[in-house]
Structures are given as structure tokens and as C-alpha cells.
Amino acid sequence: MSTGDLCDEVAHLKTACDAVILAHYYVSPEVQQIADYVGDSFALAKLAATLSCHTLVFAGVRFMAESAKLLSPEKTVLMPDQTADCPMAHMVKQETVAAARAQYGEDLAVVCYVNSTAEVKSWSDVCVTSSNAVKIVRALPQHTILFIPDRHLGSYVAEQVPEKNIILNDGCCPIHHNISADEVRSLMAEYPDAPVLAHPECGPEVMALASFAGSTSQIIEKAAASQAHDYIILTVEGVRGELERQTAGSGKRFHFPSTRPLCPDMSRITTEKVAACLREGTGEIGLPPAYIAKAARCTLTRMLELGR
Ligand code: 13P
Ligand code: SF4
């Protein structure tokens, strides 16, 4: 089937199923093009909670679709490829949380990056995304924070909120972790006037070189609002499409690490798979057991309240 025919079929199926396609900036440009909304994790979670359609197709990784289902259990949530899973979502053990709770008691808040399974969320007090982690941690009454699962986002938050005692866990995003300070320095030598815009999932050595840190949307907004000609972008290359769309005609240029950060799980989502899940009703995401769903939903709704 030609690309045009496939897009026409998706448009027809969306109407027939009363479906909305949500896509993350890291999926391919073709998938972003057929989506109704493209955004960062926080924007997509807010949309999932408020849209009134019957079906949501989540073009992203599993934790995003799972969060949409938790926030909107009455909706049918479809994932075009159920094997698209963020490895970091699993990088924390329940014993780590239990040990911190036993040691700190009431003074502890367990703060969970949204890149986590529903079960991990159910062990936590509140969820955060990279766009609101600093704001939410600062607003919590507890002094001690166990930040799971991402140690890099956790250490970035610890730097921004020095008044709190932040305990880190040993997880990270393999893609952002692999961006090396050396390749960033060589980009900086090549483009000395370029702002360095980094996702806080990058390691501390890279973050020390950044002039701005933020979520995918915040990086795009910053580049669109700035006056520079060249930008060094330290996150997954999928954001390039929206960066170029929002700055069209400005002559701005975006430089990514030469190791080409791509998320293999996000890349599993294709236009063909989006059409197939709508056509066949496959890839439906169910709710986890009720005790997990209830606790995990609380952490997400608390994030939506505090992160506003
Ligand atoms: P954002 O919340 O910035 O969209 O990031 C999601 C993600 O998975 C980053 O690797
Ligand atoms: Fe997970 Fe990293 Fe992919 Fe984001 S880029 S979904 S954190 S593996």
C-alpha cells in the first residue's frame, strides 16, 4: 500500500473508531505526521486524562500507554507494538523502596519518574516527568526523597533542589547515558556560539556542559524562542522534525551527537502498525490488578495536580 493510501486508511479508521492518535516526539517523523497530537510525556498524560474520544492509540512506549489507561480506564487504549517498552521503566527493586521507607518513615517521599511500570508507580507517592520534576520535588513537604528509577534525572533534581536530601537509585536511560561529554565538547568546539540544550536523562558530566535542561517539549520551545543560529541538541533525534517545523524559515540548524541517539523501542512504532491496530483492534492495553491500578493512578493524578 502506498504511503498516501495508508494515511487515508488511518484517517478513515480514526473516524470509524472514534480514535485519537497520541505520539511522542521520539517516534518516526511518518508516525508523528499521522498523529492528532505530538508531545512530551507530561502533555500526553494530560491529554489522555481529558480527551473525550472512545479510543486512544498510543504511539510511544508501554509506560505511556499504561499511564493513559490508568488515567482514563473507560477508554480503549491501543498500542501499535506492545513490545515497545522503555528499559528504564523496570530498573528499580521493591526492596530499595521498602528499605528507604523503613529507614526514613514519614519524612520520606518516594518520587517516581513517569518512565516506570504501573507496579513501580504503585510503590510511590507521586510521579514526575522531566518537565515538572524540580517543581514537584520542591513542593513536597518531606525532606528526604527517594528518586526512582532514573539516577541522572534524580541527580539533576538534587542539584536544583539542594535543600532536600535526595537518595538516588541505580537506573538510567541507556540512550541518554551513552551521550558522552567528549562528543559534546567536540560539537561545542565546532559550534562555539551554539546553546547546548540537554534532556536531564543525560549523565552529570554532559549536564555540566549544558546551557539549558528540559523535557523534549521544553527543548523545542527553548530553541524556537532563542536567537542563536546553531543549537546542540542532547536528546533522541526524533525531536528534529518538530524543531525544524517550529523554526521553519529561520535558518536555524540543529546538531546532534555523531553517535546518533535513537530510541530502538520508540522506533518500533510504524505507520503500518498504527493502521493495523485500528483495523484489527489489536494491542489493547488492560488495567493491572486493582490494588496496583488504584495506587498507581493516585501517583499520576497527584502529578497532574502538583505539576500544573
Ligand atoms: P519527555 O518527558 O521529555 O518527553 O521524555 C520522555 C522520555 O522517554 C525521555 O527519554
Ligand atoms: Fe526509555 Fe530512553 Fe527510550 Fe526514553 S529514550 S523511552 S527513557 S529508553
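Preceding this paragraph is the structure being described.
Residues numbered from 1 in each chain as written. Chains lettered and ligands numbered in written order. Predicted model: local features only at pLDDT ≥ 70, side-chain atom pairs only at ≥ 80, totals over all residues. Heavy atoms only, no water.

## Observations concerning unusual backbone geometry
Omega for the peptide link from isoleucine 148 to proline 149 comes to -20 degrees, which places this bond in the cis form. Tracing the chain through its elements places proline 149 in the loop between strand 7 (144-148) and helix 8 (151-160). Its identity is not glycine, yet aspartate 18 carries a phi of approximately 50 degrees, on the positive side. What makes aspartate 18 partly exposed here is its relative accessible area of 41%. (Helix = DSSP H or I, 4+ residues; strand = E, 2+ residues; numbered from the N terminus. Buried < 20%, exposed > 50% of the residue type's maximum accessible area, 1.4 Å probe, protein only.)

## Quick notes on the pairing of strand 7
The buried fraction of strand 7 amounts to five of the five residues, a majority that puts the element mostly inside the structure. Pairing analysis gives five bridges linking strand 5 (residues 108-113) to strand 7, with the strands arranged parallel. Paired with leucine 108 across the bridge in strand 7 is threonine 144. As paired elements, strand 7 and strand 8 (residues 165-168) share four bridges and run parallel to each other. Of the residues in strand 8, the one forming a bridge with threonine 144 is asparagine 165. After leaving strand 7, the chain enters helix 8 and then returns to the sheet as strand 8, a path that is right-handed. (Pairing = 2+ DSSP bridges. Right-handed = clockwise from strand over helix to strand, strands pointing away.)

## A look at the sheet that holds strand 5
Whenever strands of a sheet pair, they do so through backbone hydrogen bonds, lying parallel or antiparallel. An order of 6-5-7-8 is seen for the four strands of this open sheet, with the pairing classed as parallel. Edge positions in the sheet fall to strand 6 (126-128) and strand 8, since each has one partner strand and no second. Across the sheet, the axes of successive neighbouring strands diverge by a mean angle of 30 degrees, strand direction being ignored. The strands that helix 8 touches are strand 5, strand 7 and strand 8; relative to strand 8, the one it contacts most, it runs at about 165 degrees. (Axes fitted to C-alpha atoms, helices over the stretch in contact; angles between N-to-C directions. Contact = heavy atoms within 4.5 Å.)

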